[in-house]
Amino acid sequence: MNEPTRLHRLFILFPLVGSVKSLIPIAALVSIKFLNGKSLRDIPWYWLSAAIVILVSLLLLYGYLKWKRFVYTLEEDKILIRRGVLFREELSIYTGRIHSMNMEQPLLQRILGLTQVRIETPGKTEGGGILPAITNSEGERLQRWLREQTRTRQTQREVHQAHESPDPSDQSLPVQTEGPSVQPPETRENYESVQPSNHNMGYGSDLLEDSDSGVVGRKNTSAAITAKEERSTLLQLSSGRLLIAALSSPNLSLALAFVGGILSFADDLLPDQMYQSLFQSAGKLLPGSWISIAAVALIVSWLLSAVLYTIKYAGFTVERIGKQISVSCGLLERKRLLFSPERVLAITVKEGVFRRWFGYAEVKVHVLTSESDKHFMLHPLLKTRDIPALLNRVTPQFSAQAITASPPPRAKWMYLRWKLAFAVVVSAACIWYFDRLGLLSLLLLPLSLAWGLLSHRDSGVNVTDKQLTIRSRFIAMSTRYIRRPQIIAMEVSGTRRQRRRGLLSLQVKMIFSEINESLSGMDQREIEAVRAWFQKKKGENSAPAERSGPASPTEHL
């Protein structure tokens, strides 16, 4: 067993910094309330200083005990994490269940020159698989150790399969031919991609000179593995392209929530006289002034969302490291996420209202990971004509297929009814409350009509041998590419009225409910063809699909 390794000593400061960061807003509000109408001489400085000193001392002591009791050990087939001050916790993570080790640099770690390693496994471990404060060289050493373990396990599996291979006379049995006969190219490609599934970051063997590594005997093997790794930059977003992407993808919900939060604290932050004066002045404003204020707030929110977008995706770079894809971005909090192409569940191409006019879109990948956010940005701003080439380079198992079946004209009412009903209710409420000014809300009716017609026009579906393509529109148009093995269930539904009109709705369920996809108002023959494609057994050609309907799926899709 290797020697236990501790985190960096600066981890002692983490509880203190975390507490200060949490207490700053509360301290600001309390200070404003306390100083409202009082002088600084009224503050009990001696008691306040003593309380601060005691609190800082206790937090530093807790940080030291937490650092002292947090150790991790690299064993033959697992990484063992022991931690806990009052209650001891032990976490064993076997290498066979590790997807990857992502290196992240939140703001605190980036200031201190440290990194955080997140161990990705199936399911949620509630932060158990996180090493919050280690050096960059130690994080790279952990990744090389994981790659070595993965390669060793893969070699042992191949040797074991070779020893258990049957006689040549038995190879004609269906059991031996079923797997390769279904999808030999893709299965072999994915199988080989799993082998180096932790080719995360090959930085050179000179970083193995860490005395606390505990795996000194593996230097030569790790160096050999690193030498074989290929690292290439697939794309890097320029500053100009990032600015265009930020301005063309407004996240107004986040910006408005930020502005609303500031307004909600105005009562506490502003003096009472100033707040009452502003409130009385706002009540005397004319409707035109309110419209101007709303326009200014909308522009400010849009610019704020552009700033937040730029901070999040600054330095956006996609690299290929061995068989894995690395996506790194972030100005204040730098993140480097790695995933294997065979773990991609689906790909989404989103074309916003403004971007679609100029032929641009953003591409996201949905990856099997334990993180709460399972949607990784693959490209924030890309020409739609360049999407097939990008998918071929990064995820060759997916292809950008065009939509071949759309909702028929008789299904328009399904896309219009709820949108128009919502517009009618909102307009009635505005007219009742604002009187004549509320008549402006009637503009929602033609907007809702156009919204429904666009949703009907842009929806559609297509199936190929192993891929399902679904396109839909809420505000932006979204196209999702899904591989058939990743689909858990498929539901087909329709009311009596819809079935009399020959219309059905489709819902595709994935492993994660966040990436489920649905489509409404499709022709019944098209939906039946998709269901027959999903129910088709492995190895069965599309020709026998005549048994499930009057025509094969490929004739309709």
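Everything here concerns the structure above.
Colleague: I'd love a proper account of the overall build of the chain, names of residues and values included.
Modeller: Check the secondary structure of the chain and you find 19 helices and 20 strands. Looking at the 557 residues of the chain, the share that counts as buried comes to 39%. Residue pairs in contact within the chain that sit at least 24 positions apart in sequence constitute 61% of those at least 6 positions apart. For the chain, the exposed area adds up to about 31300 Å²; of that, 60% sits on carbon and sulfur atoms.

Colleague: Can you break down the sheet that holds strand β9 (residues 317-321) residue by residue, with the values?
Modeller: A sheet is described by the order of its strands in space; here seven strands give the open sequence β7-β6-β5-β11-β10-β9-β8, paired in antiparallel fashion. Of all the strands in the sheet, just β7 (130-134) and β8 (231-236) have a single pairing partner and so form its edges. Each adjacent strand pair in this sheet contributes to an overall mean axis angle of 20 degrees, direction not counted. Relative to strand β10 (residues 324-329), β9 is paired through five bridges, and the arrangement is antiparallel. Opposite I321, over in β10, you have Q324 as the bridge partner. Packed on one face of the sheet, helix α4 (residues 136-163) meets β5 (100-105), β6 (115-120), β7 and β11 (334-339) and runs near 170 degrees to β5. Here helix α14 (residues 387-394) sits on the sheet in contact with β8, β9 and β10, set at roughly 155 degrees to β8.

Colleague: Any chance you could break down the sheet that holds strand β3 (residues 78-83) for me, citing the residues and the numbers?
Modeller: If you walk across this open sheet you meet the four strands as β1-β2-β3-β4, and the pairing is antiparallel. Looking at which strands have only one partner, the edges of the open sheet turn out to be β1 (5-6) and β4 (89-94). Bridge count between β3 and β4: six bridges; the pairing is antiparallel. What sits directly across from K78, in β4, is Y94. Together, β1, β2 (71-74) and β3 form the strand contacts of α4, whose direction differs from that of β2 by roughly 35 degrees.

Colleague: Now, about the packing of aromatic side chains: what can you tell me, with residues and values included?
Modeller: Considering all chains together, one arrives at nine aromatic pairs under this definition. Judged by centre distance (6.2 Å) and plane angle (65 degrees), the ring pair of Y313 and F316 falls under edge-to-face. No difference in accessibility class separates Y313 from F316, as the two residues are buried. With a centroid separation of 5.4 Å and an interplanar angle of 80 degrees, the aromatic rings of W451 and F474 are classed as edge-to-face. Of the two residues, W451 sits in helix α16 (residues 444-458) while F474 sits in the loop between β16 (467-473) and β17 (477-483), which places them 23 residues apart along the sequence. Residue W451 is classed as partly exposed on the basis of its relative accessible area of 24%. Aromatic ring contacts, followed pair by pair, group F11, F14 and F70 into a single cluster. Positioned over the ring face of W67 is R6, at 5.7 Å from the centre of the ring. The residue whose ring lies beneath R497 is W413, and the NZ or CZ to ring-centre distance is 4.4 Å.

Colleague: Requested: an account of the side chain of E517, with residues and values cited.
Modeller: Within the secondary structure, E517 sits in strand β20 (residues 517-523). The exposure class assigned to E517 is buried, which follows from its relative accessible area of 10%. At 3.4 Å, the side chain of E517 and the side chain of R480 are in polar contact. The residues touching E517, leaving out its near neighbours within four places in the chain, are I470, S472, R480, I482, L506, Q507 and V508.

Colleague: Requested: an account of the environment of M490, with residues and values cited.
Modeller: Examined against the element boundaries, M490 turns out to sit in strand β18 (residues 489-493). With near-sequence residues (within four places) excluded, M490 lies in contact with L468, L506, Q507, V508, V530, R531, W533 and F534.

Colleague: Report on the pairing of β20, specifying residues and quantitative values.
Modeller: Burial runs high along β20: five of the seven residues are buried. Bridge count between strand β19 (residues 503-509) and β20: five bridges; the pairing is antiparallel. Residue L503 lies in a different strand from β20, and its bridge partner there is D523.

Colleague: Give a detailed account of helix α18 (residues 524-535), specifying residues and quantitative values.
Modeller: Relative to the 16 Å expected for twelve residues at 1.5 Å per residue, α18 spans 16 Å between its end C-alpha atoms, a close match to the ideal helical length. When we look at burial in α18, the residues that qualify are E526, I527, A529, V530, A532 and W533. One side-chain oxygen of the residue at the start of α18 lies 2.9 Å from the amide nitrogen of R525, identifying that residue as D523.

Colleague: So what about the environment of Q324? Which residues, and what values?
Modeller: Topologically, Q324 is positioned in strand β10. Separated by 18 residues in the primary sequence, Q324 and E342 place their C-alpha atoms 9.4 Å from one another.

Colleague: Can you lay out a positive patch on the surface for me, pointing to particular residues and giving the numbers?
Modeller: On the surface, a cluster of positive charge is contributed by R417, R496, R497, R500 and R501. Broken down by element, the positive patch gets its largest block of residues, three residues, from helix α17 (residues 496-500). Residue position: R496 is located in helix α17. What makes R496 exposed here is its relative accessible area of 74%.

The rules behind each value
- Residues numbered from 1 in each chain as written.
- Predicted model: local features only at pLDDT ≥ 70, side-chain atom pairs only at ≥ 80, totals over all residues.
- Heavy atoms only, no water.
- Helix = DSSP H or I, 4+ residues; strand = E, 2+ residues; numbered from the N terminus.
- Buried < 20%, exposed > 50% of the residue type's maximum accessible area, 1.4 Å probe, protein only.
- Contact = heavy atoms within 4.5 Å.
- Areas by Shrake-Rupley, 256 points an atom, 1.4 Å probe, with all protein chains shown as cover.
- Pairing = 2+ DSSP bridges.
- Axes fitted to C-alpha atoms, helices over the stretch in contact; angles between N-to-C directions.
- Phe/Tyr/Trp six-rings, centres within 6.5 Å; stacked < 30°, edge-to-face > 60°.
- Lys NZ or Arg CZ within 6 Å of the ring centre and 35° of its normal.
- Polar contact = N/O pair within 3.5 Å; in protein donor to acceptor, adjacent residues only side chain to side chain.
- Expected span 1.5 Å × (residues − 1).
- Patch = residues over 30% accessible without salt bridge, like charges linked within 9 Å, V, L, I, M, F, W, Y side chains within 5 Å.
- Salt bridge = Lys/Arg side-chain N within 4 Å of Asp/Glu carboxyl O.
- Lys, Arg positive; Asp, Glu negative; His and termini not counted.
- Charge placed at Lys NZ, Arg CZ, Asp CG, Glu CD.

Purely geometric stuff here, so don't read any function into it on its own.
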